[in-house]
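# Structural characterization, general
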Amino acid sequence: CAGSRSMITAVVTLCAVLARFGGSSLDLFISGVGAIGCVPLAFVYPAAIHYCLVAETKMQKLGDVALFIFGIIIMINCTAALFV
């Protein structure tokens, strides 16, 4: 448990430093957080959890895989758009 607290502290500190020195481009920072954090939360994780725990038929599994792949593509697209 102590290792996870150290990791959380490091991530929060890194985000604070990035926000402090990247203040002029805060909109890009927020967009990056959304692309990397929110898209998987909305598309990838629910599909993966449903596939592992609930899906029984072939059609359900196919739908979960399609949603998972769609989420990965959207995440890559949104992240790449930050650097263009």
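Residues numbered from 1 in each chain as written. Predicted model: local features only at pLDDT ≥ 70, side-chain atom pairs only at ≥ 80, totals over all residues. Heavy atoms only, no water.

## Some remarks on the environment of Thr13
- One can find Thr13 in helix α1 (residues 2-21).
- Take Thr13: its relative accessible area is 44%, and that puts it in the partly exposed class.
- As for Thr13 and Ile36, which are separated by 23 residues in sequence, their C-alpha atoms are 18 Å apart. (Helix = DSSP H or I, 4+ residues; strand = E, 2+ residues; numbered from the N terminus. Buried < 20%, exposed > 50% of the residue type's maximum accessible area, 1.4 Å probe, protein only.)

## Here we look at helix α2 (residues 26-53)
- Counted at 1.5 Å a residue, the expected span for α2 with its 28 residues is 40 Å, and the 38 Å between its end C-alpha atoms agrees.
- Helix geometry: α2 is bent most strongly at Pro40, by close to 50°.
- The inward-facing, buried residues of α2 abut α3 (58-82). (Expected span 1.5 Å × (residues − 1). Bend = angle between axes of the 7 residues up to and from the residue. Contact = heavy atoms within 4.5 Å.)

## Comments concerning the packing of α2 against α3
- With their axes 8 Å apart at the nearest point, α2 and α3 run at an angle of 170° to one another. Taken together, the axis directions place α2 and α3 in an arrangement best described as roughly antiparallel.
- By residue class, the composition of the contact of α2 with α3 is 19 nonpolar, six polar and two charged. (Axes fitted to C-alpha atoms, helices over the stretch in contact; angles between N-to-C directions. Parallel < 35°, antiparallel > 145°, perpendicular 65-115°, else oblique. Nonpolar A, V, L, I, M, F, W, Y, C, P; charged D, E, K, R; others polar.)

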